[in-house]
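Working through the structure, step by step
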Amino acid sequence: MSDLTGKVFVVTGGESGIGQAIALRAARDGANVTVGGLNAEGLDETVAAMSNYAGDGMALPTDVTDPDQVNAMIAGTVEKFGRLDGVVANAGAFVKQTSFAEMDLDDWNRVVAVNLTGVFLCLQATLKVLLKQGEGGSLLATGSSTAIRPIPGMIPYTASKGGVHQLMRALAIELAEDKIRCNTIVPGVTRTQALMVGGPEYASRGLKYVPMDELVEPEELAALVSFALSDEAPHMTGTLLKVDAGRTSG
Ligand SMILES: NC(=O)c1ccc[n+]([C@@H]2O[C@H](COP(=O)([O-])OP(=O)(O)OC[C@H]3O[C@@H](n4cnc5c(N)ncnc54)[C@H](O)[C@@H]3O)[C@@H](O)[C@H]2O)c1
């Protein structure tokens with residue numbers, strides 16, 4: 001267990017899957033956590049599930065592509081919990097698999113808006129608070145093993161996640177002097193609704209690329225994230241936090 005007592009984080013996409021596991025683990029480890037995302041009911045469920053944990057939760061429905069909503073999510077968090085220690089910019093959009101030649105511009109724009117511009121907005125709004133506080137902090141964004149080992153038919157998703165990886169690398173250097181650590185979460189093929197929506201066939205197609213031939217559980221990623229958010233990792237920055245059952249090895 002990591003100790004996040006007294007810390008405050010925002011987790012986007014906190015209503016389901018990896019984001020929900022991250023938010024719950026952080027609250028269990030003592031942090032106060034705002035969950036932001038599109039699905040208000042799911043966000044409330046996440047906060048309700050925190051009721052027995054050391055940290056408190058708050059649900060703030062937020063579309064991460066909208067700068068005003070993102071600013072309100074960050075301001076609302078500081079107003080409720082009195083400070084901010086970081087963000088996990090995890091919300092992500094997926095796209096139907098198709099060849100590059102037949103890809104829709106609308107699909108490209110939607111995926112880039114959520115996965116890359118949405119991350120930029122959440123990181124920048126958080127950073128402004130962290131710089132003002134002057135006590136360092138932690139910025140995390142969810143990338144993908146697909147950005148390291150692309151799979152055919154997923155070009156917009158792969159490109160958007162590749163952008164996230166590079167954004168975090170560059171930020172780690174730019175913010176090093178401010179002691180603001182920047183790391184990328186790299187899930188392998190993980191058991192969430194995003195994967196299950198395509199049915200067992202879709203999941204087993206994903207596993208074709210996984211040496212261990214097993215799905216990652218969201219809680220495995222959450223444990224690593226909690227450590228990365230804690231004071232036990234003061235020099236962990238510019239890193240890929242991979243839990244991918246070997247998908248990107250070799
Ligand atoms: N499941 C996997 O195999 C896998 C693999 C690699 C990376 N990822 C990444 O992990 C992250 C979490 O995905 P997941 O697998 O938990 O799936 P998920 O569908 O459970 O989570 C995605 C979340 O993002 C939210 N979201 C989508 N658009 C949004 C918007 N505009 N504003 C706010 N929230 C929005 C959704 O409501 C949802 O809660 C994503 O960034 C995804 O790309 C997942």
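Please refer to the structure placed before this passage.
Notes on the structure in this doc start here. The structure displayed is predicted, hence computed values, not measured ones. (Residues numbered from 1 in each chain as written. Predicted model: local features only at pLDDT ≥ 70, side-chain atom pairs only at ≥ 80, totals over all residues. Heavy atoms only, no water.)

A few points about the site of the ligand
Around the ligand, 27 residues are found, and the nearest of them are Glu15, Ser16, Tyr157, Lys161 and Thr192. Here an oxygen atom of the ligand sits 2.7 Å away from a polar atom, N or O, in the side chain of glutamate 15. In this structure, an oxygen atom belonging to the ligand sits 2.8 Å away from a main-chain N or O atom of isoleucine 18. In isolation the ligand has 810 Å² of accessible area, and contact with the protein removes 92% of it. Elements with a contribution of two residues or more to the shell around the ligand: α1 (17-28), α5 (155-174) and α6 (193-196). Taken together, the residues of the shell around the ligand break down into 10 nonpolar, 14 polar and three charged. (Near = heavy atom within 4 Å. Polar contact = N/O pair within 3.5 Å; in protein donor to acceptor, adjacent residues only side chain to side chain. Areas by Shrake-Rupley, 256 points an atom, 1.4 Å probe, with all protein chains shown as cover. Helix = DSSP H or I, 4+ residues; strand = E, 2+ residues; numbered from the N terminus. Nonpolar A, V, L, I, M, F, W, Y, C, P; charged D, E, K, R; others polar.)

Some details on the packing of aromatic side chains
Geometry of an aromatic ring pair is reported as the spacing of the ring centres plus the angle between the planes. For the structure shown, the criterion picks out one aromatic pair. Between the aromatic rings of phenylalanine 94 and tyrosine 157, the centroid separation amounts to 5.5 Å while the plane-to-plane angle is 20 degrees, which identifies the pairing as stacked. With phenylalanine 94 in the loop between β4 (86-89) and α4 (105-133) and tyrosine 157 in helix α5, the pair connects residues that are 63 residues apart, well separated along the chain. Look at phenylalanine 94 and you get partly exposed, because its relative accessible area is 42%. (Phe/Tyr/Trp six-rings, centres within 6.5 Å; stacked < 30°, edge-to-face > 60°. Buried < 20%, exposed > 50% of the residue type's maximum accessible area, 1.4 Å probe, protein only.)

Here we look at the layout of surface pockets
In this model, the largest pocket occupies a volume close to 1,100 Å³. In terms of lining residues, the largest pocket is bounded by 45 residues, among which Gly92, Phe94, Tyr157, Thr192 and Ala194 are the most central. Sorting the residues of the lining of the largest pocket by element identifies α1, β2 (32-37), α5, α6 and α7 (199-207) as the ones contributing at least two each. By volume, the second largest pocket amounts to about 330 Å³. Taken together, 18 residues form the lining of the second largest pocket, with Gly136, Gly137, Lys179, Arg181 and Pro234 sitting closest to its centre. Broken down by secondary-structure element, the contributors of at least two residues to the lining of the second largest pocket are β5 (137-142) and β6 (180-187). Tallied by class, the residues present in the lining of the second largest pocket amount to five nonpolar, six polar and seven charged. (1 Å grid on protein atoms, 1.4 Å probe; cavity = no way out; pocket = protein on both sides within 12 Å on 5 of 7 lines; lining within 4 Å. Points joined across faces, edges and corners; volume = space filled by probe spheres on them.)

Re the sheet that holds β5
Taking strand neighbours across the sheet as the criterion, the seven strands line up as β3-β2-β1-β4-β5-β6-β7 in an open arrangement whose pairing is parallel. Each of the sheet's edge strands pairs with one partner strand only, and the pair in question is β3 (57-61) and β7 (240-243). If you compare each strand with its neighbour and ignore which way they point, the axes differ by 20 degrees on average. Bridge count between β6 and β7: four bridges; the pairing is parallel. Bridging across to β7, valine 186 finds its partner in lysine 242. Helix-sheet contacts for helix α2 (residues 40-49) involve β2 and β3, and the interaxial angle to β3 is about 175 degrees. (Pairing = 2+ DSSP bridges. Axes fitted to C-alpha atoms, helices over the stretch in contact; angles between N-to-C directions. Contact = heavy atoms within 4.5 Å.)

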